[in-house]
Amino acid sequence: MKPIITASEYASESAGPRPPVVLDVRWQLGGPPGRPDYEAGHLPGAVFVDLDTELAGPAGSGGRHPLPDPEAFGAVMRRAGVGQDTPVVVYDGGLGWAAARAWWLLRWTGHGDVRVLDGGLAAWTGDLTTEIPHPSEGDFRPKPGALPTLDAESAAAFARSGLLLDARAAERYRGDAEPIDRVGGHIPGAVSAPTTENVAEDGRYLPAERLAARFEALGAEGGTEGVGVYCGSGVSGAHQVLALEIAGFRGVLYPGSWSEWSSDPSRPVATGPGPQ
């Protein structure tokens, strides 16, 4: 199953006999919160899910957006109407990071039928509503570990002997600027691969062949180990994992990402353009 769905495909499925549960996860790094935008207008039937409090655990030594407690995440999904076998569609405001985070979490916890609305809310040309839905309780029970993850040690190993992609903006990777975390730079050996290069100007993902060419140029190859990915806090990195899947590669996310790595002064930090 493709990890993305077009607006026209979603419109057709939502009018069909098995409409998907739809989640609105609008979010911006540093705010403002997405809930007011949701209340001002959202896709019919969409349930709002907050990234900071429901798609992440409390910030701490594990990073700014550590993985949520699986049982707490499961409760959020059930309240939204997600069942074991119900299709799920996720969208955000168009950047794609938050939607990809929700997609990745559902996949990581064992849900097999979840897709991101390609281009986000901006791609939708149908009506919006301010009506807040109250779906029937779903029966989804998380089984974490369905997707592989990296910790700091295994991310460093990927950078040494495989391919570890840094999904942040190039200036943060180089260490020219670091507006959020303790120090700028990157994991030694990681390759810069900003998520902004996964999409066209309208926010839609590039075609599979173009994404494949991009990742091959960065050093991606087929194989069982996959391609390691990190970002600032495990959000935009999920976007990279999704893009890798479209391209036919297996992405492996380091959820703690740079916010966890850089919080420990004993871990090495590289600056500059990095591997070419």
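Cut-offs used in this document
- Position numbers for residues count from 1 along each chain, tracking the sequence in the order it is written.
- Totals for whole chains, interfaces and linings use every residue, but because this is a predicted model, local features are given only for residues with pLDDT of at least 70 and side-chain atom pairs only at 80 or more, for both listing and counting.
- Computation of side-chain values covers all heavy atoms of the structure but excludes hydrogens and water.
- A pair of strands is treated as paired once DSSP finds two or more bridges between them.
- Think of it this way: any DSSP run of H or I at least four residues long counts as a helix, any run of E at least two long counts as a strand, and we number them from the N terminus.
- UniProt positions are given in the numbering used here, feature names are shortened, and annotations may be inferred rather than shown by experiment.
- The criterion is simple. A nonpolar core is a set of buried Ala, Val, Leu, Ile, Met, Phe, Trp, Tyr and Cys residues joined through side-chain atoms within 4.5 Å.
- Using a 1.4 Å probe on the protein chains alone, a residue whose accessible area is under 20% of its type maximum counts as buried, one over 50% counts as exposed, and one in between counts as partly exposed.
- Throughout, a residue-residue contact means that at least one pair of heavy atoms, one from each residue, lies within 4.5 Å.
- The term polar contact refers here to a pair of N or O atoms within 3.5 Å; inside protein, the definition further demands a hydrogen-donor-capable atom paired with an acceptor-capable atom, and it admits residues adjacent in sequence only when both atoms are side-chain atoms.
- Using a 1 Å grid laid over the protein atoms alone, points where a 1.4 Å probe fits but cannot get out form a cavity; open sets with protein on both sides within 12 Å along at least 5 of 7 lines form a pocket; any residue with an atom within 4 Å of a point counts as lining.
- Grid points are joined across faces, edges and corners, and a volume is the space filled by probe spheres set on the points.
- Only Asp, Glu, Lys and Arg are considered charged in this grouping, and only Ala, Val, Leu, Ile, Met, Phe, Trp, Tyr, Cys and Pro are considered nonpolar; every other residue, Gly among them, is considered polar.
- Under the pairing criterion, centres of Phe, Tyr and Trp rings, with the six-membered ring standing for Trp, must be within 6.5 Å; the plane angle then separates stacked pairs below 30 degrees from edge-to-face pairs above 60, leaving the rest tilted.
- Here, over-ring charges are defined by two tests on the NZ atom of lysine or the CZ atom of arginine: distance to the ring centre within 6 Å, and angle to the ring normal within 35 degrees.
- The path from the first strand over the helix to the second decides the hand: if it runs clockwise while the strands point away from the viewer, the crossover is right-handed.
- Salt-bridge detection follows one rule: a side-chain nitrogen of Lys or Arg within 4 Å of a carboxyl oxygen of Asp or Glu.

Under an unreviewed UniProt entry, the name given to the protein is Sulfurtransferase, and the organism recorded is Streptomyces durocortorensis.

What follows deals with the sheet that holds strand 2 (residues 21-24). Spatially, five strands are ordered 1-5-4-2-3 in an open sheet, and the strand pairing comes out parallel. Where the open sheet ends on each side, the last strands, each with one partner, are strand 1 (4-5) and strand 3 (47-48).

Among the structural elements, Cys 231 can be located in the loop between strand 8 (227-230) and helix 9 (236-247). For the pair Cys 231 and Ser 259, spaced 28 residues apart in sequence, the C-alpha to C-alpha distance is 8.4 Å.

UniProt feature "domain: Rhodanese" (unreviewed entry): in the numbering of this structure it lies at residues 16-133 and 158-270. As annotated, residues 16-133 has a helix share of 27% and a strand share of 12%, and its two end C-alpha atoms lie 19 Å apart. Between the first and last C-alpha atoms of residues 158-270 the distance is 15 Å; the span itself is 32% helix and 11% strand.

Right, let's talk about the nonpolar core for a bit. Ranked by internal contacts, the top residues of the largest apolar core, which has 52 residues, are Leu 23, Met 77, Trp 104 and Phe 215. Of all the secondary-structure elements, those providing two or more residues to this core are strand 2, helix 4 (70-79), strand 4 (88-91), helix 5 (97-108), strand 5 (114-117), helix 8 (208-217), strand 8 and helix 9. A per-element tally of this core places helix 5 first, with nine residues. Residue contacts for Leu 23: discarding those within four places in its chain leaves Val 47, Val 49, Met 77, Ala 80, Val 88, Val 89, Val 90, Tyr 91 and Leu 106. Core analysis: the next-biggest nonpolar cluster, separate from the first, contains 15 residues, Leu 150, Ile 187, Tyr 230 and Trp 261 among them.

Where helix 4 is concerned, the buried positions are Phe 73, Gly 74, Val 76, Met 77 and Arg 78. On its buried face, helix 4 sits against strand 2, helix 3 (51-54) and helix 5. Two or three places before Glu 71, at the start of helix 4, stands the capping residue Asp 69, its side-chain oxygen 3.1 Å from that residue's backbone nitrogen. Just beyond helix 4, the residue with positive phi is Gly 81, at close to 95°.

This part covers empty space enclosed by the protein. In total, this model carries one cavity of 30 Å³ or more according to the counting rule given. What the largest cavity holds in volume is close to 60 Å³. Taken together, 13 residues form the lining of the largest cavity, with Gly 96, Val 116, Leu 117, Gly 119 and Gly 120 sitting closest to its centre. Class assignment of the residues belonging to the lining of the largest cavity gives a composition of five nonpolar, six polar and two charged.

Moving on to the packing of aromatic side chains. The description of an aromatic ring pair uses the distance of the two centres, along with the angle that the planes make with each other. One pass over the structure, following the stated rule, counts three aromatic pairs. Look at Trp 104 and Trp 108: their rings are 5.7 Å apart centre to centre, the planes differ by 10°, and that puts the pair in the stacked class. Taken together, the residues Trp 104 and Trp 108, both in helix 5 and four residues apart, mark about one turn of the helix. Both residues of the pair, Trp 104 and Trp 108, belong to the buried class. In this arrangement the basic side chain of Arg 267 is found over the ring face of Trp 261, its NZ or CZ atom lying 5.7 Å from the centre.

Taking every second residue as pointing to the same face, both faces of strand 4 are buried, with Val 88 and Val 90 on one and Val 89 and Tyr 91 on the other. Here strand 4 pairs with strand 5 via three bridges, running parallel. Along strand 5, the bridge assignment pairs Val 90 with Val 116. The handedness of the strand 4 to strand 5 crossover, carried by helix 5, is right-handed.

All right, on to the pattern of salt bridges then. Between side chains of opposite charge, a pair can form as their charged atoms come close. Counting across every chain of the model gives 14 salt bridges. One salt bridge in this structure joins Arg 18 and Asp 113, with 3.9 Å as the shortest N-O distance. Placement of the pair is Arg 18 in the loop between helix 1 (7-14) and strand 2 and Asp 113 in the loop between helix 5 and strand 5, with a sequence separation of 95 residues. Between Glu 197 and Arg 214 there is a salt bridge, with its nearest N and O atoms 3.5 Å apart. Of this pair, Glu 197 sits in the loop between strand 7 (191-192) and helix 8 while Arg 214 sits in helix 8, and the two are 17 residues apart along the sequence. Residue class for Arg 214 comes out buried when judged on its relative accessible area of 13%. Residues participating in the shared-partner salt-bridge network are Arg 64, Asp 166, Arg 168, Arg 172, Glu 178 and Asp 181.

So, about the side chain of Asn 198. Mapped onto the fold, Asn 198 is located in the loop between strand 7 and helix 8. Polar side-chain contacts of Asn 198 include one of 3.4 Å to the side chain of His 239. Excluding its chain neighbours within four sequence positions, the residues that come into contact with Asn 198 are Arg 204, Tyr 205, Leu 206, Leu 211, Arg 214, Phe 215, His 239, Gln 240 and Ala 243.

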